[in-house]
Amino acid sequence: MGDRLAGRVAVVTGGCSGIGLATVRRFAQEGATVVIGDLDDAQGPGIAEEVGGAYVRCDVTDKQQVDALFATANERFGSVDIAFNNAGISPPEDDSILDTDLDAWRRVQEVNLTSVYLCCKAALPYMLEQGRGSIINTASFVAVMGAATSQISYSASKGGVLSMSRELGVQFARQGVRVNALCPGPVNTPLLQELFAKDEERAARRLVHVPMGRFAEPEEIANAVLFLASDESSFITANTFLVDGGISSAYVTPL
């Protein structure tokens, strides 16, 4: 156990799996009280009990539920110091623009981008009243690169998260609130494992472009979130925080 987040209250959306779950556990290890927003009623309460926090069922595309999530954190634990707005989807029907229909486009935008807008909108008043806070929004390395194996709405949504985070970081910098965009490379999560299972060739095409020759583990990304949440990153805001194994800098990768 550490104390880098001692006394802080953190809200994590999508906290029942993948990067979110690893971050919930990492935050708790460093002394934070964590409120998990997710739709996984089977796992959520047990995870909250494990870390000594709380679970709130939350559809992140629903403004009332998002507002209630952050209100619960503030009313039950006294503040909202950290918001890790992480929930997202990458469904198979989001593909090339030629094959992705409007309903699929809209669904990904709602979950990946509109939810971040709603979470930031809900968290900011608490942080501004306190005069402090750290917001970390999950974007992606695809927000700064293009891909021939496209997931058009996912890529566009993550570009939107990146741009919005940058603007909020600038807007609220002098009021004590930092906002950064976390941009992970490919991560060994259930989403990626599903891609491997369904289309091994497509997944392999991603791996070959990572200079480190492997995908990230969720815990490695969680360590980056911890840094952005902590006072160790006190002069970092409006930042594109790439944790991508070098993929966004690679022209040719090692053999």
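Since we're looking at a predicted model, the values are computed, not measured. (Residues numbered from 1 in each chain as written. Predicted model: local features only at pLDDT ≥ 70, side-chain atom pairs only at ≥ 80, totals over all residues. Heavy atoms only, no water.)

(A) Seen up close, unusual backbone geometry. Positive phi values are uncommon outside glycine, yet A238 reaches one of about 55°. The topology assignment puts A238 in the loop between α8 (218–229) and β7 (240–243). (Helix = DSSP H or I, 4+ residues; strand = E, 2+ residues; numbered from the N terminus.)

(B) Main features of the environment of L21. Tracing the backbone through its elements, the reader meets L21 in helix α1 (residues 18–29). Residue classification places L21 among the buried positions, given a relative accessible area of 15%. Not counting the four nearest positions on each side in its chain, L21 is found in contact with G14, G15, C16 and I47. (Buried < 20%, exposed > 50% of the residue type's maximum accessible area, 1.4 Å probe, protein only. Contact = heavy atoms within 4.5 Å.)

(C) Fine view of a nonpolar patch on the surface. The grouping of V144, M145 and L242 at the surface amounts to a nonpolar patch, some 210 Å² of accessible area in total. Along the polypeptide, M145 turns up in the loop between β5 (133–138) and α5 (152–171). In this structure M145 comes out as partly exposed when scored by relative accessible area, which is 33%. (Patch = residues over 30% accessible without salt bridge, like charges linked within 9 Å, V, L, I, M, F, W, Y side chains within 5 Å. Areas by Shrake-Rupley, 256 points an atom, 1.4 Å probe, with all protein chains shown as cover. Salt bridge = Lys/Arg side-chain N within 4 Å of Asp/Glu carboxyl O.)

(D) Looking closely at the side chain of E30. The residue E30 is located in the loop between α1 and β2 (33–38) in this model. From its side chain, E30 meets the backbone nitrogen of D3 in a polar contact 3.3 Å long. When neighbours within four sequence positions are excluded, E30 is seen to be in contact with G2, D3, R4, L5, A6 and L226. (Polar contact = N/O pair within 3.5 Å; in protein donor to acceptor, adjacent residues only side chain to side chain.)

(E) Local environment of the layout of surface pockets. The calculated volume of the second largest pocket comes to roughly 250 Å³. Every residue lining the second largest pocket is counted, 16 residues in all, and those nearest its centre are G133, G176, R178, D231 and S234. Looking at the lining of the second largest pocket, the elements with two or more residues in it are β5 and β6 (177–184). Class assignment of the residues belonging to the lining of the second largest pocket gives a composition of 6 nonpolar, 5 polar and 5 charged. (1 Å grid on protein atoms, 1.4 Å probe; cavity = no way out; pocket = protein on both sides within 12 Å on 5 of 7 lines; lining within 4 Å. Points joined across faces, edges and corners; volume = space filled by probe spheres on them. Nonpolar A, V, L, I, M, F, W, Y, C, P; charged D, E, K, R; others polar.)

(F) Structural context of the environment of G37. One can find G37 in strand β2. Judged by its relative accessible area of 0%, G37 falls in the buried class. Setting aside anything within four residues of it in sequence, one finds G37 in contact with V12, T13, G14, G15, V56, C58 and L69.

(G) Spotlight on the pairing of β2. Most of β2 sits inside the fold, with 5 of its 6 residues counted as buried. Here strand β1 (residues 9–13) pairs with β2 via 5 bridges, running parallel. When the sheet's bridge partners are listed, T13 is paired in β2 with G37. The parallel pair β1 and β2 is bridged by α1, and the resulting crossover is right-handed. In this structure, β2 lies alongside strand β3 (residues 54–57), joined through 4 bridges in parallel fashion. For G37, the partnering residue across the bridge sits in β3 and is V56. You can see the chain leave β2, run along helix α2 (residues 44–51) and come back into β3, and the turn it takes is right-handed. (Pairing = 2+ DSSP bridges. Right-handed = clockwise from strand over helix to strand, strands pointing away.)

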